[in-house]
Amino acid sequence: SQTIHQWPATLVQPVGSPLSLECTVEGTSNPNLYWYRQAAGRGLQLLFYSVGIGQISSEVPQNLSASRPQDRQFILSSKKLLLSDSGFYLCAWSPGTGVTSEQFFGPGTRLTVL
Amino acid sequence: AQSVTQPDIHITVSEGASLELRCNYSYGATPYLFWYVQSPGQGLQLLLKYFSGDTLVQGIKGFEAEFKRSQSSFNLRKPSVHWSDAAEYFCAVGPGANAGKSTFGDGTTLTVKP
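Everything numeric in this text was worked out from a predicted model, so none of it was measured. The written sequence of each chain sets the order in which its residues are numbered from 1. Each chain is given a letter, starting from A, and each ligand a number, starting from 1, according to the order in which they appear as written. Confidence filtering applies because this is a predicted model: local features only for residues at pLDDT of at least 70, side-chain atom pairs given and counted only at 80 or more, and all residues used for totals across whole chains, interfaces and linings. Values reported for side chains reflect all heavy atoms of the structure, with hydrogen atoms and water molecules removed beforehand.

### Re the state of the cysteines
Residue and element names in this part refer to chain A. The disulfide criterion used throughout: a pair of cysteine sulfur atoms within 2.5 Å. For the structure shown, the criterion picks out 2 disulfides over all chains. Paired through a disulfide, cysteine 23 and cysteine 91 show a sulfur-sulfur distance of 2.0 Å. Where cysteine 23 bonds to cysteine 91 through sulfur, the torsion about that S-S bond is close to -75°, and the disulfide is left-handed. Here cysteine 23 is found in strand E3 (residues 19-26), whereas its partner cysteine 91 is found in strand E9 (residues 87-94), with 68 residues between them in sequence. Secondary structure is summarised from DSSP: a helix means a run of H or I of at least four residues, a strand means a run of E of at least two, and numbering begins at the N terminus for each.

This is the structure we're talking about:
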């Protein structure tokens, strides 16, 4: 069966510090991968998605970046965090082949920027 | 462009009462439709999906949803709500696998009164 991992679960960082959030998927090959952010009381905002190694699409201009160094690894980064980067970050995957594009979500990372 | 509207930001129902959460979508082709549930501080879990066939689909936890093409709607229902159903619910519309990304509604928060 497939599983998706995210770490860390919780992170408190000062403004201006760097960020690295990691997401890995097990039990599937060539998945589509996604990074979302949820601000408090808000819906999902798609940040990045990837259909393959090194292929990243950015949805919202910001100081975040994403990389996919391996087929089942997706990393969200920042060189200098802003207060507005606080939120709940979710990684998700969907099948790269098949019929539907249902997504499977990780447990999330709660980021607080102080 | 595809879009999803969940008109109700917050709904409160009594335990044992019936529930209907509304979802309207805009999509230029045959839609693939999904409902997800998110418990506080956790990732999203797929409740059910529709992509063809019977317009009434059954999901996990006793939920069902009906696709109405004429109304561009995909409303989620449950005959009798349990306290554990309190959560946030997201409707999403998307293409087939590996053909693009899904679009999520802003979510509906469900509160269950004892």
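### Here's the deal with the pattern of salt bridges
Here, a salt bridge means any Lys or Arg side-chain nitrogen found within 4 Å of an Asp or Glu carboxyl oxygen. All told, the structure shown has 7 salt bridges over all chains when counted by the stated rule. A salt bridge links glutamate 102 of chain A to lysine 49 of chain B, with the nearest nitrogen and oxygen atoms 2.3 Å apart. Of this pair, glutamate 102 of chain A sits in the loop between E9 and strand E10 (104-105) while lysine 49 of chain B sits in strand E6 (residues 44-50), each in a different chain. A simple rule labels every residue: compare its accessible area, found with a 1.4 Å probe on the protein chains alone, to the largest value its type can have, and call it buried under 20%, exposed over 50%, or partly exposed in between. Judged by its relative accessible area of 10%, glutamate 102 of chain A is buried. Taking relative accessible area as the criterion, lysine 49 of chain B reaches 31% and is therefore assigned partly exposed. We note a salt bridge from glutamate 66 of chain B to arginine 77 of chain B, for which the minimum N-O separation is 3.2 Å.

### Considerations on the sheet that holds strand E1 (residues 3-7) of chain A
Residues and elements named next belong to chain A. For two strands to be treated as a pair, DSSP must find at least two bridges joining them. With antiparallel pairing, 4 strands are arranged side by side in an open sheet as E1-E3-E8-E7. Two strands in the sheet have a free side with no partner beyond their single neighbour: E1 and strand E7 (64-70). Going across the sheet, the axis of each strand differs from the next one's by a mean of 15°, ignoring polarity. Bridge analysis of E7 against strand E8 (residues 73-78) gives 5 bridges, and the strand direction is antiparallel. Counted as the bridge partner of serine 65 is serine 77 from E8. For helices, the fitted line uses only the C-alpha atoms of the stretch in contact; every axis is such a line through C-alpha atoms, and the angle between N-to-C directions lies from 0 to 180 degrees.

### Observations concerning the packing of aromatic side chains
Between the rings of Phe, Tyr and Trp (Trp by its six-membered ring), a pair exists once the centres lie within 6.5 Å; its type follows the angle of the planes, with under 30 degrees stacked, over 60 edge-to-face, and the other angles tilted. According to the stated counting rule, one finds 15 aromatic pairs over all chains in the structure shown. Summarising the aromatic geometry, the rings of tyrosine 36 of chain A and phenylalanine 104 of chain B are spaced 5.6 Å apart at their centres and angled 80° between planes, so their arrangement reads as edge-to-face. One end of the pair, tyrosine 36 of chain A, is in strand E4 (residues 32-38); the other, phenylalanine 104 of chain B, is in strand E11 (residues 103-104), on a second chain. As far as the burial class goes, tyrosine 36 of chain A and phenylalanine 104 of chain B line up, both buried.

Note that all results are geometric; they support no functional claim without further evidence.
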